[in-house]
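Fold and geometry: a report
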Amino acid sequence: MKYKNLVITQNAKLFQSIRPILICADLDVSQAATYQKALELLSCFHYVLVVADLSFPDIDGIKLKLLIQAKEENYYELFLLELATGLRLGEIAALQWDDLNLTTGELRINKQAGTDGPVVVICEPKTKAAIRTLILPPTVLKVMREYKAKVDSRWMFPSPKKEDSPMRPSSIHLRLHRILDHAGCERVRFHDLRHTFATNALAYGMDIKTLSTILGHVSSATTLNTYSHVTDEMRQQAAVKIDQGIAKVEVNPQEEKPKERTMTTFQARKRWSRKAS
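Residues numbered from 1 in each chain as written. Predicted model: local features only at pLDDT ≥ 70, side-chain atom pairs only at ≥ 80, totals over all residues. Heavy atoms only, no water.

**Topic: the confidence of the model for the protein chain**
Residue-level pLDDT values for the protein chain average 74, and 60% of them are 70 or greater. The weakest mean pLDDT in the protein chain belongs to helix α4 (residues 46-54) at 41; the strongest belongs to helix α7 (residues 89-93) at 96. Contacts from residues 1-11, a stretch scored under 50 in pLDDT, to residues over four places away or in other chains number 15 contacts. Low pLDDT, under 50, characterises residues 41-57; the predicted model gives this stretch 46 contacts beyond four residues in sequence or across chains. (pLDDT = per-residue confidence, 0-100. Helix = DSSP H or I, 4+ residues; strand = E, 2+ residues; numbered from the N terminus. Contact = heavy atoms within 4.5 Å.)

As structure tokens, this is what we get:
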């Protein structure tokens, strides 16, 4: 995209460095003639920086819209945390602030939420492997620190209707569908967000054993069987690299024609909010 009346300043290189983020956020870069102006535009979309840092691929192009709409409806932190950790639905519903070290970013998973009629029941995980400690990315930890200041509850994601109670897992799943509906996106399951995390982690080089521990699987075999389609592709890529390194064979992969990025005008619909839930 060409820039109109681009002002060359001492921050010109910095401006160029955030150009992809401006485009990712579907912001009109022609309005950002300087680095300072670009930062002003991004200040309203600080969560886009987090998304860019996580580098998670979209689920059929819905991720960015999901987070933008979730931000409008006051559920941004919940879905951001899920995309950053791949927690099970019951695990994220059961989180308390005591489980998160806001200094180190250590997140302790040691319980899960279920229901017994209208009551939310907190119990131990079904397996020992499900008890684990994760480390949040710095950008996500920063968001959670800011979120903590706004939450007056021991629960990380408290029920908007019942005092001193976490959200029901079913309510979180329903909220995901409503947010996707409001954003004009196709519905996906909450569990699909967990799969998004796992698939991306493998694609970016995380080994099966480490991923298995993060997901809380009983064994690496479970992880391997679940995501065999990803590991097959990784093996093919590894074979090409070995061929290049040992046999000194120059491989000319097929050049993919870059997809033309179009600017959209998507904005969160402002009709729904957590307070109105």
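**Quick word on the packing of helix α5 (residues 63-72) against helix α6 (residues 76-85)**
Between α5 and α6, whose axes approach to 7 Å, the crossing angle comes to 150°. Classified by the interaxial angle, the pair formed by α5 and α6 is roughly antiparallel. Across the interface between the two elements, Lys-63, Leu-67, Ala-70 and Lys-71 of α5 pack against Tyr-76, Phe-79, Leu-80 and Leu-83 of α6. When grouped by side-chain class, the residues that make up the contact of α5 with α6 number 6 nonpolar, no polar and 2 charged. (Axes fitted to C-alpha atoms, helices over the stretch in contact; angles between N-to-C directions. Parallel < 35°, antiparallel > 145°, perpendicular 65-115°, else oblique. Nonpolar A, V, L, I, M, F, W, Y, C, P; charged D, E, K, R; others polar.)

**Observations concerning the nonpolar core**
Counting residues in hydrophobic clusters, the biggest one holds 52 residues, and the most contacted among them are Phe-79, Leu-81, Met-144 and Met-156. Looking at this core, the elements that each hand over two or more residues are α5, α6, α7, β1 (106-109), α8 (138-148), α9 (169-182), α10 (190-203) and α11 (208-215). In terms of residue count, the dominant contributor to this core is α6 (7 residues). Not counting residues up to four positions away in its chain, the partners in contact with Met-144 are Glu-77, Leu-81, Trp-97, Leu-100, Leu-136, Met-156 and Phe-157. (Core = buried A, V, L, I, M, F, W, Y, C linked by side-chain atoms within 4.5 Å. Buried < 20%, exposed > 50% of the residue type's maximum accessible area, 1.4 Å probe, protein only.)

**Topic: the side chain of His-177**
Summarising the element assignment, His-177 is placed in helix α9. A polar contact of 3.1 Å, which involves the side chain of His-177, links it to the backbone oxygen of Val-188. Discounting residues that sit within four places of it in the chain, His-177 has contacts with Arg-187 and Val-188. (Polar contact = N/O pair within 3.5 Å; in protein donor to acceptor, adjacent residues only side chain to side chain.)

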